[in-house]
Every structure is written in structure tokens, then in C-alpha cells.
Amino acid sequence: MARALALTICLLSIGTPMSALASDGLEFIPFVGYRFGGSFDEDFTGNSLDVDESGSWGVIVSRAASDTTRYEFLYSHQDTRLSDATNPEDVFDLDIHYLHIGGTVDVSHDRFIPFFSGGIGMTHMSPGHTGYSNETRFSLSVGGGLKWYPTEQLGIRFEMRGYGTLMDTSGTLFCDGGCDLQLNSDLFPQFETNLGLIFRF
């Protein structure tokens, strides 16, 4: 994670004049949020297994592309559980990570700035259960929010974002073989609200 973040900062910095970096080049935005939604169908029983809603956290690294647009790298993490309401024993921990490259478009250019956001990338799911395998799939996201800059170097960012992860319906999830739990899904949707502190360099 540290190497990926450092590489992203370097890539965003390439070709940016030092004067732009000093005024409105790079933004570093750690955030906390709340994520909900997401479910899978169990092949054997037909039951729906739901991802528990829980807190999330992450970071956005952003570089100015124009007066109203920005390039962005987003990492968002959720510690949650996958549970079956009809069978409380079928519960295990699940870590969900989003790694997206995208950007934002500002609606206005005042101190309070409404914006639209979007990105594409990967979803990595790591079950906390012995014998189950990790899964990495393609995903995209869209959202919007509001930025406020009380000073030139500091700001606050509120955002609502929806994620959609494309799943392979011809295979099973989290099982490489010999697994007693086999899940299937066409699309894995999640929604997140987050609040971040903007550090502008």
C-alpha cells in the first residue's frame, strides 16, 4: 500500500511546474466514511448473504488538470462481515478494498465547490476464513459532493459515492475447490458517504 501511494504521488507530479504544485497542484485527502450495501447468492441453498454495513476509511491523492477538473487516485477500505440472516453460523469477516483512478469536475469555482466524481479500477476482497481465497475484480464508481476551503492550504470534502464491481457469473467466489460455501453474483454494488480533510500543496 505504501509503495502504491508513493508511486501514485510521483506519477501525478510528473510534468507539473513547481509553481502549480505550490498553488493548486496536489491535494492529499485522508477520509473516514460509512459504507453499506452488497450481497451474494449462495449456490447450494439459494440464500442471500449480505455484507454488513460498517465504517470505512481511505485516502485520495489529487492533481489539478484544469481550473475545474482534477485527476485522482482513490483507496478506500472497509472491515466488515458476510452474514446469512437465515443461518447465523455462516458468518465470516471480510475486508473490501477499492483502488480507483479517475477524477472530479467542479460545478462552480467559489469557496464552496459542488463537484461530480468518478473512477475505474479494482475491488479486492479478502475473507477472514481459513480455506477461502481472495478475489480481485474490475469495478467502477460515480459520485458527487461538496468541497469547502476555509484557507488556501486546507479544506473539507464531503462525498457520496457508489461502487459497482463486475462479477463472473460462470464461477464461484472465495472458493478454489473443496469449499463448503460457494457464492455467485452478477454485480456487487456498494454505497459510501465520507468526510475528508484536504491538504493542498
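Because the structure is a prediction, the values reported are computed rather than measured. (Residues numbered from 1 in each chain as written. Predicted model: local features only at pLDDT ≥ 70, side-chain atom pairs only at ≥ 80, totals over all residues. Heavy atoms only, no water.)

Looking at this structure, how should I read the overall build of the protein?
Per the secondary structure count, the protein includes 2 helices and 11 strands. Burial statistics for the protein: of 201 residues in total, 45% are counted as buried. Counting contacts in the protein only where the partners sit at least 6 residues apart, residues at least 24 apart contribute 65% of the total. Within the structure as shown, the protein displays about 10,100 Å² of accessible surface, and the carbon and sulfur contribution to it stands at 62%. (Helix = DSSP H or I, 4+ residues; strand = E, 2+ residues; numbered from the N terminus. Buried < 20%, exposed > 50% of the residue type's maximum accessible area, 1.4 Å probe, protein only. Contact = heavy atoms within 4.5 Å. Areas by Shrake-Rupley, 256 points an atom, 1.4 Å probe, with all protein chains shown as cover.)

I'm lost on the packing of aromatic side chains in this one. Help?
What characterises a pair of aromatic rings is the spacing of the ring centres plus the angle enclosed by the ring planes. Under the counting rule described, the total for this entry stands at 5 aromatic pairs. Ring centres 4.9 Å apart and planes at 5° place the aromatic pair phenylalanine 40 and phenylalanine 188 in the stacked group. One end of the pair, phenylalanine 40, is in strand β2 (residues 39-42); the other, phenylalanine 188, is in strand β11 (residues 187-200), and 148 residues separate them in sequence. Measuring from centroid to centroid gives 5.9 Å for tryptophan 57 and tyrosine 75, while their planes differ by 65°, and the two rings are edge-to-face. Taken as a pair, tryptophan 57 in strand β4 (residues 54-64) and tyrosine 75 in strand β5 (residues 69-83) lie far apart in primary sequence, 18 residues in all. Exposure remark for tryptophan 57: the relative accessible area of 43% places this residue in the partly exposed category. For tyrosine 75, a relative accessible area of 8% puts it in the buried group. In this arrangement the basic side chain of arginine 35 is found over the ring face of tyrosine 163, its NZ or CZ atom lying 5.7 Å from the centre. Sitting above the plane of the phenylalanine 115 ring, lysine 147 keeps its charged end 5.4 Å from the centroid. (Phe/Tyr/Trp six-rings, centres within 6.5 Å; stacked < 30°, edge-to-face > 60°. Lys NZ or Arg CZ within 6 Å of the ring centre and 35° of its normal.)

So what exactly am I meant to see when it comes to the pairing of strand β6 (residues 92-106) here?
Regular strands place their side chains on alternate faces of the sheet. Across 14 bridges, β5 lies against β6 in antiparallel orientation. Directly across from phenylalanine 73, in β6, lies its bridge partner isoleucine 101. Relative to strand β7 (residues 112-128), β6 runs antiparallel, the two being bridged by 14 bridges. Looking across to β7, one finds that leucine 99 is bridged to methionine 122. In sequence, β6 turns back onto β7 through a hairpin of 5 residues. (Pairing = 2+ DSSP bridges.)

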